[in-house]
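Examining the three-dimensional arrangement
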Amino acid sequence: MTKPWLLLTLVGADRPGIVAQVTRVLFGVGAELGETAMMRLGNQFAIMMMVRGAGTTDEVAGLLESTRADFGLKLHVDEIDAALHQHREPDVSVIVHSADRSGIVADVTAALLEAGMNILDLRSDVGGSADKPIYIMQIDGETTDGIEPIEQCVAQLADQGLTVRVTPLQTMRG
Amino acid sequence: MSVEPLPILTYPDERLKTECEPVEQFDPELREFAEHLQYTADQGPSAVGIAAPQVGRMQRLCLVDATRAKRPVDNHGPLVLINPAITNWKGFAVGREGCLSIPDYTGKVIRAETIELTAQDVEGRTVTFKMKGFEARIAQHEIDHLDGILFLDRLVSRHADLRER
């Protein structure tokens, strides 16, 4: 029987060498890595990683204990019901920006959900300056009812002072 | 004509990284191959183009068919491009691409927004086209195949956002 995928999440102050050290330890015990996402959020580095073949959740946590301690990371391991080769293709991109205020993500994602959009990828940032922050959000998703409901929903968001751009995406395959 | 689709080579087959030879013989066998190649593309998941090396024929022939786009785009109809050469490029756009030879992966690629190309048709006659947008993207992707270049070789950041096309 195929070994289950585990989802590792690791977060800690960003320092060079975290990824290399974590993956070296896992490779050393014959682990297989699946899809991963890693990024700097704030001054922290966050890792989400599909891993299998390195033992149970407790065993993987044990394997990474010295790395966790060396880098001062927070580590979490869960068994997940995941599979590879399940990619989906976004057919719409939504980019939002405005002066920062509370509730932007909640407002935008609720409106997009209502308009039939399933989010596949979302990245948001706070830019500008500490006293005049701006919020920028990039979302890729798939629509259930086409682009028109998304465009209508965006018009309503614009009334709330958000600048929103919707771009239909068409994957070229050849 | 055979009713079986031609087997499609998949990454990392070395032939997909190999530059193709020009077509010199314009004969019934070539026309039959072009039809067979089209039939093969039709069996895959919504392909809008295919190139001869993707089925192991290392010659400079590809198909471009923007009429098969999910959303209507400017197009010149279904095209067989033989010995194609891009003679002019203008503008840039980011778009998402996939490939029959690279299942289950799509990624962002920057391509010229408009191109001019010259090629030969199945009879060996010289043809020229001015393409833009999605059709230009297909042609650039397929002509890359003839030079042993895959869209993986041209991937840009997941967050790239020159005007998407």
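Quantities reported herein were computed from a predicted structural model and do not represent experimental measurements. (Residues numbered from 1 in each chain as written. Chains lettered and ligands numbered in written order. Predicted model: local features only at pLDDT ≥ 70, side-chain atom pairs only at ≥ 80, totals over all residues. Heavy atoms only, no water.)

**So, the overall build of chain B**
Selection criterion: Strands are runs of DSSP state E lasting at least 2 residues, helices are runs of H or I lasting at least 4, and numbering of each runs from the N terminus. Based on C-alpha atoms, the radius of gyration is set beside the globule rule, defined as 2.2 Å times the residue count to the power 0.38. Throughout, exposure labels follow a simple rule: accessible area from a 1.4 Å probe, protein chains only, divided by the maximum for the residue type, with under 20% read as buried, over 50% as exposed, and the rest as partly exposed. Throughout, a residue-residue contact means that at least one pair of heavy atoms, one from each residue, lies within 4.5 Å. Note that accessible areas follow from Shrake-Rupley with a 1.4 Å probe, and for residues the cover is restricted to the protein chains shown.
Of the regular secondary structure elements, chain B holds two helices and five strands. Its helices and strands taken in sequence order, chain B reads α-β-β-β-β-β-α from the N to the C terminus. Computed over the C-alpha atoms, the radius of gyration of chain B is 15 Å, within 12% of the 15 Å expected from 2.2 N^0.38 for a compact globule of 165 residues. Out of the 165 residues in chain B, the part that is buried amounts to 49%. Partitioning the intrachain contacts of chain B with sequence separation of at least 6 by distance along the chain shows that 68% fall at a separation of at least 24. Surface summary for chain B: the accessible area is close to 7,900 Å², and the carbon and sulfur share equals 51%.

**Remarks on the sheet that holds strand β1 (residues 5-13) of chain A**
All names here are of chain A. Here is the rule we go by: In this analysis, strands are considered paired if DSSP registers two or more bridges between them. Each axis is a line fitted through C-alpha atoms, taken for helices only over the stretch in contact, and angles between the N-to-C directions span 0 to 180 degrees.
The four strands lie next to each other as β2-β3-β1-β4, forming an open sheet whose pairing is antiparallel. Each having just a single partner strand, β2 (32-41) and β4 (74-80) make up the two edges of the open sheet. For this sheet, the mean inter-axis angle between neighbouring strands, taken without regard to orientation, is 15°. Bridge count for β1 against β4 is seven bridges, and the pairing is antiparallel. If you follow T9 over to β4, its bridge partner there is H76. Along the sheet, helix α1 (residues 18-28) makes contact with β1, β2 and β3 (44-52), crossing β3 at roughly 20°.

**A few points about the layout of surface pockets**
Over the atoms, a rolled probe matching the size of one water molecule traces out where space is still vacant. To keep it simple, the criterion reads: A 1.4 Å probe that fits into a set of points on a 1 Å grid over the protein atoms alone but cannot get out defines a cavity; an open set with protein on both sides within 12 Å along at least five of seven lines defines a pocket, and lining residues are those with an atom within 4 Å of a point. Grid points are joined across faces, edges and corners, and a volume is the space filled by probe spheres set on the points. Note on residue classes: Ala, Val, Leu, Ile, Met, Phe, Trp, Tyr, Cys and Pro are nonpolar, Asp, Glu, Lys and Arg are charged, and everything else, Gly too, is polar. Boundaries of every domain are those given by an automatic assignment or by a domain database.
In this structure, the largest pocket encloses a volume near 1,400 Å³. Every residue lining the largest pocket is counted, 40 residues in all, and those nearest its centre are E35(A), H87(A), L120(A), D121(A) and R158(B). For the lining of the largest pocket, the secondary-structure elements that each account for two or more residues are β2, β3, β5 (92-99), β6 (117-129) and β7 (132-143) of chain A together with β4 (102-120) of chain B. Classifying every residue of the lining of the largest pocket by side-chain character gives 18 nonpolar, nine polar and 13 charged. Taken domain by domain, the lining of the largest pocket gets at least three of its residues from each of domain 1 (5-80) and domain 2 (92-168) of chain A. Along its surface, the second largest pocket is lined by 19 residues, and D91(A), L169(A), Q170(A), T171(A) and K70(B) are the ones closest to its centre. Classifying every residue of the lining of the second largest pocket by side-chain character gives eight nonpolar, five polar and six charged.

**Topic: the interface of chain B and chain A**
The line we're drawing: Two parts placed together each lose some accessible area under a 1.4 Å probe, and the buried area is that loss summed for both. Definition used for salt bridges: Asp or Glu carboxyl oxygen within 4 Å of a side-chain nitrogen of Lys or Arg. Nitrogen and oxygen atoms within 3.5 Å of one another constitute a polar contact, given that in protein one can donate a hydrogen and the other can accept it, and given that sequence-neighbouring residues count only through two side-chain atoms.
Chain B puts 29 residues into the contact, and the matching count from chain A is 19 residues. Three residues stand out in chain B for area buried against chain A, namely R71(B), R96(B) and D104(B), and they jointly supply 31% of the buried area on that side. Where D121(A) meets R158(B), a salt bridge forms, and the shortest distance between an N and an O atom there is 2.3 Å. Connecting chain B to chain A are 12 residue pairs in polar contact (both at pLDDT 80 or more). Those elements giving two or more residues to the side of chain B that touches chain A turn out to be β3 (79-99), β4 and α2 (133-146) of chain B. With six residues, the top contributor of residues to the side of chain B that touches chain A is α2(B). Of the residues that constitute the side of chain B that touches chain A, the class distribution is nine nonpolar, eight polar and 12 charged.

**A look at the pattern of salt bridges**
Residues and elements named next belong to chain B. All chains considered together, the criterion is met by 21 salt bridges over all chains. D65 is the salt-bridge partner of R68, the closest N and O atoms lying 2.6 Å from each other. With its nearest N and O atoms 2.8 Å apart, the salt bridge here joins R125 to D121. Given the relative accessible area of 52%, R125 is considered exposed. When salt bridges that share partners are traced, they join E97, R111, R137, D144 and R154 into one network.

**A few points about helix α1 (residues 28-43) of chain B**
All names here are of chain B. Here is the rule: One less than the residue count of a helix, multiplied by 1.5 Å, gives the span that helix is expected to have. Within this analysis, the arc is defined by the directions that extend from the helix axis to the C-beta atoms.
Given a rise of 1.5 Å per residue, 16 residues ought to cover 22 Å, and the 23 Å separating the end C-alpha atoms of α1 matches this to within 8%. The set of residues buried in α1 consists of L30, F33, A34, H36, L37, T40 and A41. Down the axis, α1 shows its buried residues gathered within 165° of arc, on one side only. Contacts made by the buried residues of α1 are with β1 (49-51), β2 (61-64) and β3.

**Some remarks on the sheet that holds β7(A)**
All names here are of chain A. Strand order in this open sheet of four strands is β6-β7-β5-β8, and the pairing throughout is antiparallel. Because the sheet does not close on itself, it has two edges, and the strands there are β6 and β8 (163-168). Going from strand to strand, the sheet's axes swing by 15° on average, the running direction of each strand aside. Sitting on the sheet, helix α4 (residues 104-114) touches β5, β6 and β7, and the angle it makes with β7 is about 20°. The sheet contacts of helix α5 (residues 148-159) involve β5, β6, β7 and β8, and relative to β8 the element is tilted by about 170°.

**Observations concerning empty space enclosed by the protein**
Residue and element names in this part refer to chain B. Counted under the stated rule, the structure contains one cavity of 30 Å³ or more. Its boundaries defined by the atoms lining it, the largest cavity holds a volume of some 40 Å³. Around the largest cavity, the lining residues are Q38, A41, A47, V48, G49, I50, L63, V64, D65 and R68. Elements with a minimum of two residues in the lining of the largest cavity: α1, β1 and β2.

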